[in-house]
Amino acid sequence: FIDSQEPKTFKGKLLKKSAQTVNFAVHDTAKTAVDVALASETIGLKSADVAFREVKNNLKQKYTREAVDDYHRGTFFIGRTAFDAVRGTRNHFKSRKQYKLEKAKFKLKKAEYYVFKEDTFKPKIQKNKADFKSEKLKFRGHKKAYKSGGKSDIQRAFFKRHKQDFRQFKRENKFSQKKLKSEKNFKRKELKNQRKIERNSKTGFLILKPAKYTANRMKASVWQKAVNEDSDNDFLHVVDSAKRRIIEPVAQKVSKPEKLHKAQKKSEKIADKNAKSNKKLNRQQNRLKEKHDIHKSRKKPEHRTKSSFSDGLKKVFKFIKNVYENEVKKFFAVIAVPILIILLVFMFIIMIFSSIVSGGGFTLGTYTAQDYDLSQAEKYYTKLAWDMNEKVRKTGTSDWKKALKEFDIDVSDYKDNPDNFIFGRSEKFNYDAVFDFDVYKLWSFLCAYYYDFDAENGDIKYWKFKDSTEDLLDEIFNAEYEFQHYYDNTSHWEEHFSYYFSGGIDGSYWLANSENMYGDCFLPRSNPAELNGFKDDSGYIHFNENLEILNAQDGYKRTGWFIQDQRYFVNDSSGQSSEPFYSWFNNTEYGRYYGDDYHARSYWGFSDDNQIYWCVSPQDTWYWNSDLNNCCLISYYNANYWKTDCRLYYNVKQKKTFDEVISEKLNSMSHADERITYYNLLVGTDSGGMHGNHQTLKSLTGTSIHESGIINGFGYDMQKWNEKHCNIDDLHEGVDVILNSNSDIFAPFDCKISEVNYEKNYIVLRKNDIQYWYDGNGGTKRDTEVYLSNVNLISEFEKGDEIKSGQKFAVSTSSKKCDNSDNNTAYDYVHIKIKIDTDGVGWDFIDPRLVLY
């Protein structure tokens, strides 16, 4: 159509050319594309055919190879399954035994729990409640009586005592219930955990195990094959990763073996917690016991009397006298004192500044604890030694078995009591028992152990005496000492030189029932008293083939007592002879020939075959004495005795010295070098004795207490193994110092004579608000009392007088007053007791060596 057009104008001709161009572009290009597509199709089909043949060939080879591989896999799979079955069967039977054991444990714990609950817990809880109700009613009665009474001082004091007793009973009753509930709680936890162990150790049925092994193998094999075949499948790999990282670990955690393992570990944790809880409760119980009657020993409050006008004149006169004697006479000395104090303070400030700059606040050599905590540590450590020594001392007595049991030693095989108790160095233990306690080392070690070297600016933080301190001291003490013993028993049976015949050698007999006489026991109607302890519960006496009587009360052991065979004489080494009932006699007509004589047997009754030769038969007994019907006659004799030859060797072994133990402990900690340096500084290794720089009070005797002779230290009285030093006091709340008779005693501070007892020779000094400079910021003010025993107040002073620091106010007595003395004989020396209380009410006694110069 376009080609047939013949335009005349220029525009027409241009339009025709444009139309032809467009027509060519559309028509010819489309045709070319179709031709190219057809050609490409032909090539594609041919290529696809070749590719299909290649793929088909590869698949054929692949399936052939997989068939071979699957054959090998199948063979391997069957072998592995068989191996799993054998191993699984073996493990099944082992697990079965474990299950039976755990099941038995569960039943046992269940029975123990219910027995404890019904026989111990409920009755004791009910008893505690009843006792508390009774005490409460009793206290209410006292309270009602007090309110309705006259409320005199005596009635008030009695009511206060009743109130204190009731409160103490309430604390002890509450603690007893707490202890019972704690024990019940742990038993319940143990039972519950054992139930889990028993359930998780259950094995299931053996017949199902092969199918389970096979299914697990097939499942794992199929899944792994699927993942490997489709290696480009991202989704499958995500599932596989989740399976390996999430599903399988979770399944492992909730599996029976894992649950069993967790339950077994929990059982150990419960046992540890129970042990720690019991230890803590025992400590609390000990503290309650120590404080049981402590309120009864409190001092009476000081009775303040109004001073009269004459008393005021006396005080003024004393003041003027003191000013004249102590101030005027020593005027120049008084002028020198401020200058000396200024110099000392300046030196002290310089020392503190240098210590802070160097980052070592501890170099001042101060104990980083209060006096009470240090004294409690000393008391606890000496209590450990004292408790052990009590058991050691008991070992050498008739209670030796109880003592060994307290050391957790099995004494079930120790039958004989030792003839000799041998303590210390011996042929069995070639070492001496050593007790090397040094309280200054103990205090210094604890301060070095607890010191916080990581604190900023070298700030000193005081440690407190707690349960953890008790655990530490237990560890230290057990690392030092160990009890050892050796039970040497060579006891044996020996023969008496002269036998003891129960009826004498004249042929006396004892009665027995005639029934069952042919066995190995019989029922006596009468017997020597010595045989009563050998009978069984039914009253029968047992014997062996040698006719020796056995002890039915002690495992049928030998006794040394015998039944006489009535056919033979019994002869002992002394020449005694007991004639039998059936005796021999010479008879040539009826007897048998024995050497030079004819002998025949004499019987009351029947022939040899009818006789019970170890007793007189019932027939012969009746023939002999018709009144003894249905009886046998028996004679006894004691031929052997148990010769005791037994010794008990025992000793206390010092495994390590205290120095070695604390050195190992400090070296195992952080800042080990600094701790050792601090310890050496406190204990005085280099300086000769720092003594903690706690000294606040002056010497009472004019000599430093650290240089005085101390006969009894603070704490429990333990000085030497297997010995008791004092016969009265086991716990010393002070120290005993040796002094010459009539030695001067000086005031440790400005104080008041608050109490004097001329009969018992003791004095109490008191001062309120003494400032202990090392305790707290700027020092702690504490009411302090000093108790002195075996001292006499000099004539210039009396109760209630004020005395100055360093002033002589008393002298030691002229007779020995030691705790272990049983008489009052005069000696040229005396032991004075010093006790210091820092709370002013008689509770917080401390070791005087901490605060005295």
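Residues numbered from 1 in each chain as written. Predicted model: local features only at pLDDT ≥ 70, side-chain atom pairs only at ≥ 80, totals over all residues. Heavy atoms only, no water.

(A) View of the overall build of the chain. Within the chain, the regular secondary structure consists of 14 helices and 29 strands. Across the 853 residues in the chain, those meeting the buried criterion constitute 34%. The long-range share in the chain, meaning contacts at least 24 apart out of those at least 6 apart in sequence, stands at 68%. Taken as a whole, the chain presents about 53,000 Å² of accessible surface, with 54% of it coming from carbon and sulfur. (Helix = DSSP H or I, 4+ residues; strand = E, 2+ residues; numbered from the N terminus. Buried < 20%, exposed > 50% of the residue type's maximum accessible area, 1.4 Å probe, protein only. Contact = heavy atoms within 4.5 Å. Areas by Shrake-Rupley, 256 points an atom, 1.4 Å probe, with all protein chains shown as cover.)

(B) Focus on the pairing of strand β22 (residues 751–757). Counting buried positions along β22 gives five out of seven residues, so the element sits mostly inside the fold. Judged from the two bridges that link them, β22 and strand β26 (residues 802–803) form a sheet pairing that is antiparallel. Along β26, the bridge assignment pairs C751 with I803. Linking β22 to strand β23 (residues 762–772), which pair antiparallel, is a turn of four residues; within it N761 sits at a positive phi near 60°. (Pairing = 2+ DSSP bridges.)

(C) The sheet that holds strand β21 (residues 744–746), seen in detail. Sheet architecture is open: three strands sit in the order β21-β27-β25, paired in antiparallel fashion. One side of each edge strand has no neighbouring strand; the edge strands of this open sheet are β21 and β25 (791–793). Neighbour to neighbour, the strand axes of the sheet diverge by 40° on average, direction disregarded. Note: β21 against strand β27 (residues 808–812), three bridges, orientation antiparallel. Paired with I745 across the two strands is A810, which belongs to β27. (Axes fitted to C-alpha atoms, helices over the stretch in contact; angles between N-to-C directions.)

(D) The arrangement of the side chain of S635 in detail. Within the secondary structure layout, S635 lies in the loop between β14 (631–634) and β15 (636–643). For S635, a relative accessible area of 7% corresponds to the buried category. When sequence neighbours within four positions are dropped, the list of residues in contact with S635 reads S508, Y509, F562, I563, Q564 and Q566.

(E) Quick peek at helix α13 (residues 658–667). Among the residues making up α13, those that are buried are F658, V661, I662, K665 and L666. Projected down its long axis, α13 shows its buried positions confined to an angular sector of 125°, all on one face. Residues of α13 that are buried make contact with α8 (371–395), α10 (439–450), α11 (467–480), β16 (646–654) and α14 (672–683). (Arc of directions from axis to C-beta.)

(F) Up close: the nonpolar core. One finds M388, L473, I745, F809 and I834 to be the most contacted residues of the largest nonpolar core, which totals 87 residues. In terms of residue count, α8 provides more of this core than any other element does, nine residues in total. For I745, the residues in contact, after removing those within four places along its chain, are L700, L739, L788, V791, Q807, K808, F809, A810, V811, S812 and I832. If you look at the next biggest cluster of nonpolar residues, it comprises 17 residues, including I549, W561, I563 and Y636. (Core = buried A, V, L, I, M, F, W, Y, C linked by side-chain atoms within 4.5 Å.)

(G) Layout of the packing of aromatic side chains. Tallied over the full model, the rule gives 39 aromatic pairs. Measuring from centroid to centroid gives 6.3 Å for Y381 and F658, while their planes differ by 80°, and the two rings are edge-to-face. Of this pair, Y381 sits in helix α8 while F658 sits in helix α13, and the two are 277 residues apart along the sequence. In this pair, the class of Y381 matches that of F658, namely buried. Here F435 and F437 contribute two aromatic rings whose centre-to-centre distance is 6.1 Å and whose plane-to-plane angle is 25°, an arrangement assigned as stacked. These aromatic residues form a ring-pair network of at least three members: Y381, F435, F437, F445, Y449, Y450, W463, F477, Y481, F658 and W721. Taking the ring centre of Y716 as reference, the NZ or CZ of K383 above it sits at 5.4 Å. Between K391 and the ring centre of F407, over which it is positioned, the NZ or CZ distance is 4.7 Å. (Phe/Tyr/Trp six-rings, centres within 6.5 Å; stacked < 30°, edge-to-face > 60°. Lys NZ or Arg CZ within 6 Å of the ring centre and 35° of its normal.)

(H) Molecular detail of the packing of α10 against α13. Following both chains from N to C, one finds α10 and α13 inclined at 5°, their axes separated by 11 Å at the closest point. Comparing their axes, α13 and α10 come out roughly parallel. Across from K441, L442, F445, A448 and Y449 in α10, the residues of α13 making contact are F658, D659, I662, K665 and L666. Each residue belonging to the contact of α10 with α13 can be placed in one class, and the counts come to seven nonpolar, no polar and three charged. (Parallel < 35°, antiparallel > 145°, perpendicular 65-115°, else oblique. Nonpolar A, V, L, I, M, F, W, Y, C, P; charged D, E, K, R; others polar.)

(I) A look at the sheet that holds strand β2 (residues 481–489). Here we have three strands laid out as an open sheet, ordered β1-β16-β2, and mixed in their pairing. The outermost strands of the open sheet, each flanked by one partner alone, are β1 (420–423) and β2. Across this sheet, the average inter-strand angle for adjacent strands is 15°, counted without regard to direction.

(J) Examining the packing of α13 against α14 more closely. In contact at an axis separation of 8 Å, α13 and α14 are set at 145° when each is read in the N-to-C sense. Each of D659, I662, L666 and N667 in α13 lies in contact with α14, whose residues at this interface are A672, R675, I676 and Y679. Split into classes, the residues belonging to the contact of α13 with α14 amount to five nonpolar, one polar and two charged.

(K) Local environment of a positive patch on the surface. Among the surface-exposed residues, K136, R140, K143, K147, K163, R167, K170, R171, K174, K178 and K280 lie close enough to one another that they form a single positively charged patch. Counting only elements with at least two residues in the positive patch, the list comes to α1 (10–148) and α2 (153–200). A total of six residues in the positive patch trace back to one element, the largest contributor, which is α2. Position of K147 among the secondary structure elements: in helix α1. (Patch = residues over 30% accessible without salt bridge, like charges linked within 9 Å, V, L, I, M, F, W, Y side chains within 5 Å. Salt bridge = Lys/Arg side-chain N within 4 Å of Asp/Glu carboxyl O. Lys, Arg positive; Asp, Glu negative; His and termini not counted. Charge placed at Lys NZ, Arg CZ, Asp CG, Glu CD.)

(L) The arrangement of unusual backbone geometry in detail. Residues other than glycine seldom take positive phi values, yet Y556 does so here, at roughly 55°. Its place among the elements puts Y556 in the loop between β7 (548–551) and β8 (557–563). Backbone geometry places N790, a non-glycine residue, at a positive phi of 65°. Relative to the elements of secondary structure, N790 occurs in the loop between β24 (780–789) and β25. The exposure class assigned to N790 is buried, which follows from its relative accessible area of 8%.

(M) Representation of α14. Look at α14: 16 Å from first C-alpha to last across 12 residues, which is about the 16 Å you get at 1.5 Å a residue. All buried positions along α14 are accounted for by A672, R675, Y678, Y679 and L682. Projected onto a plane normal to the axis of α14, the buried residues spread over an arc of 125° and lie on a single side. On the buried face of α14, the contacting elements are α10 and α13. (Expected span 1.5 Å × (residues − 1).)

(N) Quick peek at the pattern of salt bridges. Inspection of every chain in the model, using the stated rule, returns 24 salt bridges. Taking the shortest distance from any N to any O, the salt bridge between E135 and K138 comes out at 3.6 Å. Of this pair, E135 and K138 both sit in helix α1, three residues apart, which is roughly one turn of the helix. Taking relative accessible area as the criterion, K138 reaches 44% and is therefore assigned partly exposed. Its salt-bridge partner being E664, residue K656 comes within 2.9 Å of it at the nearest N-O pair. Salt bridges sharing partners connect three or more residues here, namely E378, D847 and R849.

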